Amino acid sequence: MQHISGVGARIIAGAALGLASPAIAGGTTAGTRIDNQATASYDGPGGTVTVPSNTVSLTVDELLDVTVVSADPGDVQAIPGSADRVLTFTVTNTGNGDEAFGLASAGTLGGDDFDPAVTAIVLDSNGNGAYDAGVDTVYVAGGNDPLLAPDASVTVFLLSTIPGGAGDGHRGRAQLSAEASTGSGAPGASFAGQGQGGGNAIVGATGADADASGFYAVSAATVGFVKSATVADPFGGTSAVPGSVITYSLVATVSGTGTLGNLAIADAIPAGSSYRPGTLTLQGAALTDAADGDAGELASGAIAVRLGNVAGGQVRTVTFQVQVD
Ligand SMILES: [Ca+2]
Ligand SMILES: [Ca+2]
Ligand SMILES: [Ca+2]
Ligand SMILES: [Ca+2]
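Scoring rules and cut-offs
- Residues numbered from 1 in each chain as written.
- Chains lettered and ligands numbered in written order.
- Predicted model: local features only at pLDDT ≥ 70, side-chain atom pairs only at ≥ 80, totals over all residues.
- Heavy atoms only, no water.
- Salt bridge = Lys/Arg side-chain N within 4 Å of Asp/Glu carboxyl O.
- Helix = DSSP H or I, 4+ residues; strand = E, 2+ residues; numbered from the N terminus.
- Pairing = 2+ DSSP bridges.
- Domains from an automatic or database assignment.
- Core = buried A, V, L, I, M, F, W, Y, C linked by side-chain atoms within 4.5 Å.
- Buried < 20%, exposed > 50% of the residue type's maximum accessible area, 1.4 Å probe, protein only.
- Contact = heavy atoms within 4.5 Å.
- Donors = N, O, S within 2.8 Å, 3.2 Å for Na, K, Ca; no water.
- Polar contact = N/O pair within 3.5 Å; in protein donor to acceptor, adjacent residues only side chain to side chain.
- Phe/Tyr/Trp six-rings, centres within 6.5 Å; stacked < 30°, edge-to-face > 60°.
- Axes fitted to C-alpha atoms, helices over the stretch in contact; angles between N-to-C directions.

(A) View of the pattern of salt bridges. By the definition in use, this model includes 4 salt bridges. A salt bridge links Arg33 to Asp35; its shortest N-O distance comes to 2.4 Å. Between Lys227 and Asp267 there is a salt bridge, with its nearest N and O atoms 2.7 Å apart. One end of the pair, Lys227, is in strand β17 (residues 221-232); the other, Asp267, is in strand β19 (residues 259-268), with 40 residues separating them in the sequence.

Pasting the structure below:
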């Protein structure tokens with residue numbers, strides 16, 4: 001039996017990790033054994049005497065923590081009635097052990113103008129950060145819950161249909177939530193023996209569940225289309241008589257925050273009149289009558305002009321002339 005005595009007695013505590021453990025944000029990896037042995041020393045008659053304590057071994061419990069963040073830089077633009085519009089999220093295991101996470105979505109939420117109908121949760125199974133239809137794996141609750149190592153993340157997509165009645169500029173919110181499959185609850189709640197490496201699993205500061213929202217913004221466009229005519233008769237007047245020249249003006253005005261794709265104008269030459277060759281114009285510039293490389297032609301008794309994609313706020317004007325027979 002050794003006794004610690006004397007003014008020179010010192011207690012030194014030293015800790016040694018039983019396993020090499022990588023530094024992770026969640027702290028020491030769950031299941032790591034921490035052995036701790038203290039020593040005492042004192043000045044004995046023959047010099048310093050060192051006395052070791054018993055070794056105390058602890059296994060690091062698993063903290064269950066998760067974060068979900070929106071990965072979209074802003075609102076995702078969508079047109080009314082469109083399907084499979086994609087919101088992107090990142091789910092990260094911020095705990096210190098391997099954990100699978102159950103996912104859930106919600107589209108019927110307040111704080112917005114409409115409810116997107118969430119149709120699928122999809123895992124970015126090829127890891128490219130982008131939704132690949134038919135390639136990335138559709139999530140099935142309890143079937144393919146993503147298993148994440150500490151600090152690991154998975155990109156998750158929510159696919160939604162935008163209601164047909166959603167108005168231009170309106171926003172709709174959808175939410176992704178993730179929950180540790182071991183369990184969640186109040187921070188500090190413990191699941192005995194369920195931690196990685198044999199310790200307990202303990203709910204961390206996040207509550208072991210998290211959610212985040214993304215927004216769809218409706219970007220719609222409509223076109224107003226107005227046709228007008230001016231008449232020049234052979235006598236310097238404006239009567240429509242045989243020989244009068246009618247100049248038709250077709251004005252397409254696109255409004256809204258979106259873009260109309262492949263807007264096209266067609267107008268049949270009215271009965272009782274004949275097209276005046278070489279009079280077709282777009283934005284004041286002449287178009288050839290032939291079907292060639294430019295945006296319009298006369299074909300099958302009608303003029304046709306292709307305006308392409310036209311964004312809200314823009315106007316396209318087409319003119320042509322006919323002569324009264
Ligand atoms: Ca775990
Ligand atoms: Ca809503
Ligand atoms: Ca992908
Ligand atoms: Ca042409």
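Read on for the rest.
(B) Looking closely at the sheet that holds strand β16 (residues 209-218). Strand order in this open sheet of 5 strands is β6-β16-β13-β8-β11, and the pairing throughout is mixed. Edge positions in the open sheet fall to β6 (76-78) and β11 (147-148), since each of these has one partner strand only. In this sheet, strand β13 (residues 171-180) lies alongside strand β8 (residues 99-106) in antiparallel orientation, the contact comprising 6 bridges. The residue bridging Ala104 from the neighbouring strand is Ser177, located in β13.

(C) Molecular detail of the domain arrangement of the protein chain. For the protein chain, the domain assignment lists domain 1 (10-60), domain 2 (63-218) and domain 3 (221-324). Here the C-alpha centroids of domain 1 and domain 3 sit 89 Å apart.

(D) Up close: the nonpolar core. Among the nonpolar cores identified, the biggest contains 32 residues, and Val68, Val91, Leu103, Val156 and Leu176 are the most heavily contacted of them. If sequence neighbours within four positions are ignored, Val156 has contacts with Leu87, Thr88, Phe89, Val91, Leu103, Ile121, Val122, Leu123 and Leu176.

(E) Main features of the coordination of the calcium ion (ligand 3). Taken together, the protein ligands of the calcium ion (ligand 3) are Asp124 (OD), Asn126 (OD1), Asn128 (OD1), Ala130 (O), Asp132 (OD), Asp136 (OD) and Asp136 (OD), with distances of 2.2 to 2.7 Å. Counting residues between consecutive donors of the calcium ion (ligand 3) along the chain gives the motif D-x1-N-x1-N-x1-A-x1-D-x3-D. Note on Asp124: relative accessible area 7%, which makes it buried.

(F) Here's a closer look at the environment of Gly258. In this fold, Gly258 is placed in the loop between β18 (245-256) and β19. Residues contacting Gly258, with those up to four places away along its chain left out, are Ser219, Ala220, Ala221, Ala311 and Gly312.

(G) Representation of the side chain of Thr319 in the model. With respect to the element layout, Thr319 can be found in strand β25 (residues 315-324). Within polar-contact distance, the side chain of Thr319 engages the side chain of Thr281 at 2.4 Å. Filtering out sequence-adjacent residues up to four positions away, Thr319 remains in contact with Tyr248, Ser249, Thr279, Leu280 and Thr281.

(H) Just the packing of aromatic side chains, in detail. Applying the stated rule across the entire model yields 3 aromatic pairs. Considering the side-chain rings of Tyr248 and Phe320, the 5.4 Å spacing of their centres and the 35° angle between planes classify their relative orientation as tilted. Taken together, the residues Tyr248 in strand β18 and Phe320 in strand β25 connect sequence positions 72 residues apart. Accessibility classification places Tyr248 together with Phe320 in one group, the buried group. Relative to Phe320, the ring of Tyr275 lies with its centre 6.5 Å away and its plane at 40°, an arrangement referred to as tilted. Residue Tyr275 is found in strand β20 (residues 273-275), and its partner Phe320 is found in strand β25; the two are separated by 45 residues along the sequence. Residue class for Tyr275 comes out buried when judged on its relative accessible area of 12%. By relative accessible area, which is 1% here, Phe320 ends up buried. Aromatic ring contacts, followed pair by pair, group Tyr248, Tyr275 and Phe320 into a single cluster.

(I) Examining the sheet that holds strand β24 (residues 302-311) more closely. One open sheet holds the 3 strands; their spatial order is β19-β24-β23, and the pairing between them is antiparallel. Among the strands making up the open sheet, the edge pair consists of β19 and β23 (296-299). Going from strand to strand, the sheet's axes swing by 20° on average, the running direction of each strand aside. As judged from the 8 bridges shared by β19 and β24, these two strands associate in the antiparallel manner. Note that in β24 the partner of Leu263 across the bridge is Gly308.

(J) Structural view of the pairing of β25. Bridge analysis of β18 against β25 gives 9 bridges, and the strand direction is antiparallel. Counterpart to Leu250 in the pairing with β25 is Val318. With 2 bridges connecting them, strand β21 (residues 281-282) and β25 associate as antiparallel partners. Following the sheet pairing, Thr281 is matched in β25 by Thr319.

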